[in-house]
Amino acid sequence: MPSRDPIAEPWGSRTPYGPGRRWPARVDLHLAEGVGPEDVDRWVPSASILHSNGDALDIAVKDGRIVGVRGRGEDRVNRGRLGPKDLYGWQANHSPDRLTRPLVRRGGKLVETDWDTAMDLVVERSRRLLDEQGASALGFYTSGQLFLEEYLTLAAIAHGAIGTNHLDGNTRLCTATAAAALKASFGCDGQPGSYGDIDHADVIALYGHNMAETQTVLWSRVLDRLAGPNPPRLLCVDPRPTPVAAHSAVHLAPRPGTNVALMNAIQHELVRTGRVDHAYVRDHTVGYGELVRVTDDYPPERAAEICGLPAERIREAAALLGGAERLLSTVLQGFYQSNQATAAAVQVNNVHLLRGMLGRPGAGVLQMNGQPTAQNTRECGADGDLTGFRNWNNDAHISDLAAAWNLDPMRIPHYAPPTHAMQIMRYAEKGSIRFLWISATNPAVSLPELRRIRETLARRELFLVVQDVFMTETAELADVVLPAATWGEKTGTFTNSDRTVHLSEKAVEPPGEARPDLDIFLDYARRMDFRDADGRPFPQWHDPVSAFEAWKRVSAGRPCDYSGLTYDRLRDTGGIQWPCDAEHPDGTERLYTDGRFWARPEECESYGRDLVTGAPKEEAEYRAANPEGLAMLKAVEYVPPHEEPDGEYPFTLITGRTLYHFHTRTKTGRAPELRRAAPEVWVEVSAADAREAGVHEGDPVEVRSRRGVVRARARVGGIRPGVLFVPFHYGYWDTDAAAPDGERDRAANELSATDWDPVSKQPLFKTAAVRLRRAGAGDGRPSPAPTTTASAPVDAEVAATRGRPDTLEEPDGGGTR
């Protein structure tokens, strides 16, 4: 058992350290009840699959079963620490409701069958549609939780073998803006900074990033710096009183959807007060003149009116950033899922370029990821880009990829940008996509405007294949369900937010007939008889090792170069950051240390888009503006959200995560400790708004938008007035699907709108207009929201969230409405 209660103390004890020192190790361990370290048969190396931090760990195996985990003290990412989801999430592997046999729809119901029958149906429908309508009738929607080798294989099948443009990942919901912002500023995806920058920074700015809940171990690292000598000062931009806000020197809580106005005012102040590194800007950037022109119209007073903030607080934030000697910035969903998402994230990059804060210890930017393998989805081309960070609009890049795969370049679609997830759903809704294969994701809970998504996925004209570990809300709508192995039951590599690659080895056998995703994809390719230019089976690899070797070849010479890595090196060394090649045999901690970027017209990943309209730019336009491949300062005007509060719907709804769950809870909802910590959906409302609505802590409330309704109990907290928060994790797999009146009323995305950022195409989950009403008298119980996080109540009498490790009953599968 862990020495602490990881639920009540999710960040653990402090190990203080000062700037420039190595973060001290602290090895966390959790084993099943009655199992001690001496009882473990073997420890199998892996890393966490339940967040994007990439915490290295060893899986404990006894009698062929996973019985716990232990942090790896020497690994660069976590130095042995594990968060609550790391420590407890593995229990989902043993859940009795795992999918163990394929299912097919017969007479309107899903029934068990054998693999040959299921795959014959998938292959028959694929071939028929290819013959009748061509490749554009087939679409694929995948995850941010598979392995690199699996994404590579899926991208090769979709783009190379079939030739469809319709392939994307659910990374579109959480990290597409990160990729778009990095390409807009630096010409290519790939995080410039490193987690190690926390060890050196004197100012850390977190923009829409509740690190304390989304990356608990990374927040532990910040807390340890704060507890040591010469601690950094923090800037937090978030409308909720997160733990990050509580530790910040400056906390800004802007009105949702106004991030661009705020960032313009900060840049205005940096220019006005002479806090610009003009030598760096002159030598390494383009676009400074236009940036000055645009931000000149955003003094703090104007931004204050737009954002609903005191102008003096904006000046304080700018002074904090302008006075930093080593500035680290992180960005996440508060920017990525809000109005003008890419434009706002790019402005954070601008701050670093203006200040010359790149490529040295403590000076970097991390456009963070939300999922454990989101970086791999992007690198491999399973997210709406092309494999190896290649430019779909560059014929030389297409030819290079075709040569690596031994295919005719014309087989790889490049007539238009790869289709993004929301457009894939639109095509399925309209009927041009007739076959959709969804792997390891649950769009019937995670996508916006769920009524519309359910209707689309349930269309009789759509042949739906779902590949997953559990019977999800999406799988219930499928024509074929394929049972997949999960983490700990298969081998592969995955890469975290700061480009650290880990090897995750198979520890135990999957249950029943469940198969690794790689095996399923390759089985499909063989049954479809895909061939390369020489008539060999395509893809040419057959297992994780050969797939990784193929990836090394296709990534060589690109920014995400893995050519110097092997499984054996990762076993011996632990996490290594790409690029890792002959020039960087030990990996690369920071990018752009020499002020050179992947932005030359011949090598860039994208020619860019207009930050307001999203219109793609052509090579000639890009080349004229940036012939030498410098970093790009991008200026943009503030544009209001498409949907704003009004008299009928006076609140802005923002959705998000809680510390104890991941995505739609298919795994964390099956871990008793995590389920108990956050058992049910809630609605956060400010104390002032609660008084006006006559709502008290724990009262049942109804939140309604123009699209749907959510009913839950209220948490009266410190959120900004005029804003409501609902966590998006809660769907219907563990409760009744509909309320007594027939409405589905539990999932936050019943409320959200079908709207996306024009550049990144990331759906906007933080701008819906809603109304709130008290739905009845409370029973004296508080909201089920945790008290340890941003959802902390203003009522000090609410009992603290604790793990109570002495009463670890199994979840009963029943939900409360």
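The subject of this paragraph is the overall build of the protein chain. In terms of regular secondary structure, the protein chain is built from 25 helices and 27 strands. Computed over the C-alpha atoms, the radius of gyration of the protein chain is 25 Å, within 12% of the 28 Å expected from 2.2 N^0.38 for a compact globule of 817 residues. For the protein chain, the spread of C-alpha atoms along the principal axes amounts to about 65 × 65 × 60 Å. Looking at the 817 residues of the protein chain, the share that counts as buried comes to 67%. The contacts in the protein chain between residues at least 6 apart in sequence include a share of 75% that link residues at least 24 apart. Of the accessible surface of the protein chain, which amounts to about 26,300 Å², a share of 48% is contributed by carbon and sulfur atoms. Mean positive and mean negative side-chain charge positions of the protein chain (95 and 113 charges, respectively) differ by 1 Å.

On to the side chain of T441, then. Within the secondary structure, T441 is located in the loop between β15 (435-439) and α18 (443-446). Of note is the side chain of T441, whose polar atom sits 2.6 Å from the side chain of N170. What T441 contacts, discounting residues up to four positions off in sequence, is Y141, T142, N170, S446, D468 and T474.

Moving on, we get to unusual backbone geometry. Residues apart from glycine generally show negative phi values, whereas peptide bonds are mostly found in trans. Residues F538 and P539 are joined by a peptide bond in cis, for which omega reads -5°. Its place among the elements puts P539 in the loop between α20 (517-528) and α21 (544-555). Phi is positive for N230, which is not a glycine, with a value near 50°. Considering the arrangement of structural elements, one finds N230 in the loop between α6 (216-227) and β10 (233-237). Exposure remark for N230: the relative accessible area of 60% places this residue in the exposed category.

Its 18 residues give helix α2 (residues 115-132) an end-to-end C-alpha distance of 26 Å, which sits within 8% of 26 Å, the value for a rise of 1.5 Å per residue. Within α2, the full set of buried residues consists of W115, A118, M119, V122, V123, S126 and L129. Projection of α2 onto a plane perpendicular to its axis shows the buried side chains occupying an angular sector of 135°, all on one side. Those residues of α2 that are exposed and angled more than 90 degrees off the buried face are D131 and E132. Its buried side turned inward, α2 meets β5 (103-106), β7 (138-142), β15, β16 (463-468), β17 (480-483) and α20. By the N-cap criterion, in which a side-chain oxygen at the helix start approaches the backbone nitrogen of a residue two or three places on, α2 is capped by D114, the distance to D116 being 3.1 Å. Two residues or fewer past α2, G134 is found with a positive phi of approximately 90°.

Quick look at the sheet that holds strand β11 (residues 250-252) now. Strand order in the open sheet formed by five strands is β11-β10-β9-β13-β14, and the pairing between neighbours is parallel. Sheet topology places β11 and β14 (364-367) at the edges, where each strand pairs with a single neighbour. For this sheet, the mean inter-axis angle between neighbouring strands, taken without regard to orientation, is 10°. With five bridges connecting them, strand β9 (residues 203-207) and strand β13 (residues 327-331) associate as parallel partners.

Let us look at helix α3 (residues 148-162). The end-to-end C-alpha separation of α3 is 20 Å, in line with the 21 Å expected for 15 residues at 1.5 Å each. Of all 15 residues in α3, 15 are buried; the element is thus mostly enclosed. Downstream of α3 by a residue or two, G163 has a phi angle that is positive, lying close to 85°.

Quick look at the nonpolar core now. In terms of nonpolar packing, the biggest core is built from 143 residues, with F186, Y207, W219, L235, I266, L321 and F335 touching the most fellow members. Among the elements that make up this core, the one with the highest residue count is helix α14 (residues 341-355) (eight residues). Judged by nonpolar contacts, the second largest core, of 68 residues, contains L129, A161, L167 and V554.

For the protein chain, the mean per-residue pLDDT works out to 96, and 98% of the residues sit at or above 70. Between residues 805-817, whose pLDDT stays under 50, and residues either more than four places distant or in other chains, the model counts 30 contacts.

Next up on the list: the environment of F335. Locating F335 in the fold gives a position in helix α13 (residues 333-336). In this structure, the C-alpha to C-alpha distance between F335 and H209, residues 126 residues apart in sequence, is 8.2 Å. Apart from residues lying up to four places away in sequence, F335 is in contact with Y207, G208, V237, N259, M263, A341, A344, A345 and V348.

Bringing the environment of L366 into the picture now. Tracing the backbone shows L366 in strand β14. Judged by its relative accessible area of 2%, L366 is buried. In this structure the C-alpha to C-alpha distance between L366 and R773, which are 407 residues apart in sequence, comes to 39 Å. Apart from the residues lying within four places of it in its own chain, the contact partners of L366 are Q191, G193, S194, Y195, L328, S329, T330, V331, S497 and D498.

As a further point, take the pattern of salt bridges. For the coordinates displayed, the defined rule picks out 71 salt bridges. D734 is the salt-bridge partner of R675, the closest N and O atoms lying 3.4 Å from each other. Residue R675 is located in helix α24 (residues 672-677), and its partner D734 is located in the loop between β26 (723-727) and β27 (768-774); the two are separated by 59 residues in the primary sequence. Each member of the pair, R675 as well as D734, carries the same accessibility label: buried. One salt-bridge network, in which partners are shared between bridges, spans R596, R600, E602, E603, E619 and R623.

Moving on to the packing of aromatic side chains. Per the stated rule, a full pass over the model turns up 20 aromatic pairs. Here Y524 and F530 contribute two aromatic rings whose centre-to-centre distance is 6.1 Å and whose plane-to-plane angle is 70°, an arrangement assigned as edge-to-face. For the pair shown, Y524 and F530 are each scored as buried. Relative to Y562, the ring of W551 has its centre 5.5 Å away and its plane inclined at 75°; by these criteria the two rings are edge-to-face. Of the two residues, W551 is situated in helix α21 and Y562 in the loop between α21 and α22 (567-573); the sequence distance between them amounts to eleven residues. Neither W551 nor Y562 differs from the other in exposure class; each is buried. Connected via pairs of aromatic rings, a cluster forms that spans F140, F435, W437, F463, F521, Y524 and F530. Stacked on the ring of W115, the Lys or Arg R515 has its end atom at 4.1 Å from the ring centre.

How each quantity is defined
- Residues numbered from 1 in each chain as written.
- Predicted model: local features only at pLDDT ≥ 70, side-chain atom pairs only at ≥ 80, totals over all residues.
- Heavy atoms only, no water.
- Helix = DSSP H or I, 4+ residues; strand = E, 2+ residues; numbered from the N terminus.
- Rg over C-alpha atoms; globule rule 2.2 N^0.38 Å.
- Buried < 20%, exposed > 50% of the residue type's maximum accessible area, 1.4 Å probe, protein only.
- Contact = heavy atoms within 4.5 Å.
- Areas by Shrake-Rupley, 256 points an atom, 1.4 Å probe, with all protein chains shown as cover.
- Lys, Arg positive; Asp, Glu negative; His and termini not counted.
- Charge placed at Lys NZ, Arg CZ, Asp CG, Glu CD.
- Polar contact = N/O pair within 3.5 Å; in protein donor to acceptor, adjacent residues only side chain to side chain.
- Expected span 1.5 Å × (residues − 1).
- Arc of directions from axis to C-beta.
- Pairing = 2+ DSSP bridges.
- Axes fitted to C-alpha atoms, helices over the stretch in contact; angles between N-to-C directions.
- Core = buried A, V, L, I, M, F, W, Y, C linked by side-chain atoms within 4.5 Å.
- pLDDT = per-residue confidence, 0-100.
- Salt bridge = Lys/Arg side-chain N within 4 Å of Asp/Glu carboxyl O.
- Phe/Tyr/Trp six-rings, centres within 6.5 Å; stacked < 30°, edge-to-face > 60°.
- Lys NZ or Arg CZ within 6 Å of the ring centre and 35° of its normal.

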